[in-house]
Amino acid sequence: MGLSYLFFPGCSYETAAGYRESAEAVCRAVEVELKELPEWNCCGASAVFSLDRAEGVWLAARLAALAGREGKLEIVSGCNGCISALKKGKKLLLQDKGLMEQVRVRLKKENLKLDPADIKDLRVRHLLEIFVQDVPVQFWAKERPKPKFKVAPYYGCLFSRPDGEIDDNEHPILLESFISLLGLDVVEHSMGTACCGASHSLPHKAAVSVLVERIIRGIQTNNADLATVICPLCQFNLDSIQANFDLPPLPILYFTQVAGLGMGLPVSSLGLNKLLVPLKEA
Amino acid sequence: MESKQNTISLIEDDYGLSRINECIQCGTCSGSCPLAHEMDHGPREVFSLIRDGFLEKALISNTIWFCVSCYACSSRCPREIPVTDLIYSLRQMAVKQGLVSKKIKMPHLFKAFDRQVRSGKRISEARIAFFYGLRHPGDVIPAIPLSLKLLKRKRVEL
Ligand code: SF4
Ligand code: SF4
């Protein structure tokens with residue numbers, strides 16, 4: 001009997017470069033079931049919270065209530081933005097009784113409910129946490145020929161910030177642990193939690209390019225073959241903006257794609273053909 | 001002194017800005033901020049403006065809209081001031097008081113996003129870019145070649 005989780009994909013999951021394909025392939029191989037949260041809504045990201053706090057909180061509360069309806073106090077996601085928004089909503093709901101009441105009235109209209117005690121116990125976890133903390137290590141650590149990739153971990157800014165709830169908020173190690181579990185080489189660098197500016201890339205492309213260039217340059221200092229990310233916003237930003245400057249191309253893969261490569265899953269099941277910066281054969 | 005206290009106490013209930021009183025002006029936030037160089041004032045300076053009674057100046061600055069919400073400042077502030085959350089508060093305040101300069105582009109992107117979430121519960125990047133682009137075609141037209149590459153890779157949802 002494998003593990004089973006309620007999964008909140010978020011709006012970017014579908015268009016992300018092979019995230020769904022690779023996550024599904026890997027989960028199948030390690031006997032993890034991701035059950036999609038029925039009727040989920042957008043988390044609102046930084047946009048809704050910037051304009052209207054009550055609306056931002058409502059979006060998070062609705063997701064929590066949907067999870068409650070499925071009998072779960074745990075939501076798993078693969079997006080740093082979604083996780084951050086859910087946690088922010090949770091914090092505000094616990095702080096502000098007035099907001100909590102507003103939300104409960106509104107939920108009733110959809111036949112949903114949310115107990116203050118439940119929101120307190122709600123856990124929001126990244127799929128990476130599931131892989132490292134819950135999946136038995138023998139699934140990852142099997143003896144098999146390994147590709148010779150040198151992999152640079154990149155968490156993005158939001159992972160485990162601000163409170164360090166998941167991991168150290170300056171120097172997290174979860175992704176390093178995972179790459180090592182897979183038997184691949186980890187490339188050390190200092191850009192792991194540097195912000196890539198994804199939310200601003202459309203209106204402020206030049207400013208954001210500077211951030212991305214700094215990150216790519218930092219990662220390449222130690223000869224990484226590829227970087228691995230845990231968030232579709234980071235992936236899109238790092239993958240697409242590289243065309244703007246003149247550095248050797250650095251493929252940006254999801255940790256699920258790297259897992260698939262490390263485990264020797266069929267390459268065609270990992271959605272690698274959707275990357276803008278292609279991965280060359282090792 | 002009196003007016004300083006008043007500036008913050010009038011609004012603290014709604015927005016939690018009283019925490020600004022604890023700021024020691026060390027500049028860790030501005031030093032950690034990836035886009036400080038694009039801002040009229042770094043976050044440290046925004047807080048000193050507010051404390052000194054220039055709330056309006058802080059609200060109309062581009063600072064609060066350039067914040068990319070990376071939480072580096074909040075993680076590092078030695079007084080544990082929730083800098084990022086306070087910037088969110090300032091945004092909400094600026095919107096409510098109509099103090100958003102027309103030249104600042106981020107609110108337009110946020111509004112395109114917000115409208116879509118309210119109408120359909122889920123968003124598509126392509127539709128957001130389209131509605132934002134009606135106002136700022138110069139930002140969106142250069143992204144068309146990229147969009148075609150994405151389309152080819154089935155990375156666009158319309
Ligand atoms: S890091 Fe904290 S204490 Fe230092 S200037 Fe910024 S807000 Fe003030
Ligand atoms: S959260 Fe905003 S203000 Fe703070 S460091 Fe990041 S971009 Fe700068």
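Residues numbered from 1 in each chain as written. Chains lettered and ligands numbered in written order. Predicted model: local features only at pLDDT ≥ 70, side-chain atom pairs only at ≥ 80, totals over all residues. Heavy atoms only, no water.

1. Regarding the side chain of Ser69(B)
Tracing the sequence through the fold places Ser69(B) in the loop between helix H5 (63–66) and helix H6 (72–76). Exposure remark for Ser69(B): the relative accessible area of 7% places this residue in the buried category. Polar side-chain contacts of Ser69(B) include one of 2.5 Å to the side chain of Tyr88(B). Contact partners of Ser69(B), with chain neighbours within four places excluded, come to Ser46(A), Leu158(A), Thr84(B) and Tyr88(B). (Helix = DSSP H or I, 4+ residues; strand = E, 2+ residues; numbered from the N terminus. Buried < 20%, exposed > 50% of the residue type's maximum accessible area, 1.4 Å probe, protein only. Polar contact = N/O pair within 3.5 Å; in protein donor to acceptor, adjacent residues only side chain to side chain. Contact = heavy atoms within 4.5 Å.)

2. Quick look at the site of ligand 1
Residue and element names in this part refer to chain B. Taken together, 13 residues lie around ligand 1, and Cys23, Cys26, Gly27, Cys29 and Cys77 are the ones closest in. Of all elements in the fold, only helix H2 (28–32) and helix H3 (43–51) reach the threshold of two or more residues within the shell around ligand 1. For the shell around ligand 1, the residue count by class is eight nonpolar, three polar and two charged. (Near = heavy atom within 4 Å. Nonpolar A, V, L, I, M, F, W, Y, C, P; charged D, E, K, R; others polar.)

3. Some words on the interface of chain A and chain B
Size of an interface, as often reported, equals the accessible area lost when the parts are brought together. Listed by partner, the interface residues are 50 residues for chain A and 47 residues for chain B. Summing the contributions of chain A and of chain B, the shared interface buries around 4,400 Å²; its carbon and sulfur component is 61%. Its largest share of buried area at the contact with chain B, chain A owes to Thr15(A), Leu51(A) and Leu202(A), together 16% of the area lost on that side. Where chain A packs against chain B, one counts five salt bridges. The salt bridge involving Arg76(B) is made with Glu170(A); its shortest N-O contact spans 2.6 Å. (Buried area = accessible area lost by both parts, 1.4 Å probe. Salt bridge = Lys/Arg side-chain N within 4 Å of Asp/Glu carboxyl O.)

4. Quick look at the sheet that holds strand S7 (residues 226–229) of chain A
Residues and elements named next belong to chain A. Read across the sheet, four strands follow the order S6-S5-S7-S8 without closing on themselves; strand pairing throughout is parallel. Edge strands, defined here as strands with exactly one partner in the open sheet, are strand S6 (185–186) and strand S8 (252–254). Its contacts with the sheet place helix H10 (residues 232–241) against S7 and S8, and it is angled at close to 160 degrees to S8. (Pairing = 2+ DSSP bridges. Axes fitted to C-alpha atoms, helices over the stretch in contact; angles between N-to-C directions.)

5. Considerations on the pairing of S7(A)
In the case of a regular strand, side chains alternate between the two sheet surfaces. Residues and elements named next belong to chain A. The alternating pattern of S7 places Leu226 and Thr228 on one face and Ala227 and Val229 on the opposite face, and all of these are buried. Direction of pairing for strand S5 (residues 150–153) relative to S7: parallel, over a ladder of three bridges. Paired with valine 151 across the bridge in S7 is leucine 226. Sheet topology note: the S7/S8 ladder contains three bridges and is parallel. Looking across to S8, one finds that threonine 228 is bridged to leucine 253. Crossover connection from S7 via H10 to parallel S8: handedness right-handed. (Right-handed = clockwise from strand over helix to strand, strands pointing away.)

6. Overview of the packing of helix H7 (residues 127–134) of chain A against helix H8 (residues 174–181) of chain A
Residue and element names in this part refer to chain A. Following both chains from N to C, one finds H7 and H8 inclined at 55 degrees, their axes separated by 10 Å at the closest point. Considering their axes alone, H7 and H8 lie oblique with respect to each other. As H7 packs across H8, the resulting crossing turns out to be left-handed. Contacts between H7 and H8 involve Leu128, Glu129, Phe131, Val132 and Gln133 on the former and, on the latter, Leu174, Leu175, Ser177 and Phe178. Here the contact of H7 with H8 is built from residues that sort into six nonpolar, two polar and one charged. (Parallel < 35°, antiparallel > 145°, perpendicular 65-115°, else oblique. Left-handed = near helix turned anticlockwise from the far one by under 90°.)

7. With respect to helix H1 (residues 19–29) of chain A
Residues and elements named next belong to chain A. Buried within H1 are the following residues: Tyr19, Arg20, Ser22, Ala23, Ala25, Val26 and Cys27. Contacts made by the buried residues of H1 are with strand S2 (32–36), strand S4 (123–126), H7, H10, S8 and helix H11 (255–263). Looking one or two residues beyond H1, the residue adopting positive phi is glutamate 31, at roughly 60 degrees.

8. Describing the pattern of salt bridges
Within the structure shown, the criterion is met by 25 salt bridges over all chains. With a shortest N-O distance of 3.5 Å, Arg118(B) and Glu55(A) are connected by a salt bridge. Note that Arg118(B) is positioned in helix H8 (residues 106–120) and Glu55(A) in helix H3 (residues 53–69), a pairing that runs across two chains. Arg19(B) is paired through a salt bridge with Glu22(B); the nearest N and O atoms lie 3.1 Å apart. According to the relative accessible area criterion, Arg19(B) is partly exposed, its value standing at 26%. Residue Glu22(B) is classed as partly exposed on the basis of its relative accessible area of 32%.

9. Some thoughts on the side chain of Asp167(A)
All names here are of chain A. Among the structural elements, aspartate 167 can be located in the loop between S5 and H8. One buried charged residue, aspartate 167, remains without a salt bridge, the closest side chain of opposite sign being lysine 87 at 11 Å. From its side chain, aspartate 167 meets the backbone nitrogen of isoleucine 173 in a polar contact 2.9 Å long. A distance of 2.9 Å separates a polar side-chain atom of aspartate 167 from the backbone nitrogen of leucine 174. Those residues within four positions of aspartate 167 in sequence are excluded, and the remaining contacts are Phe159, Ser160, Pro172, Ile173 and Leu174. (Lys, Arg positive; Asp, Glu negative; His and termini not counted.)

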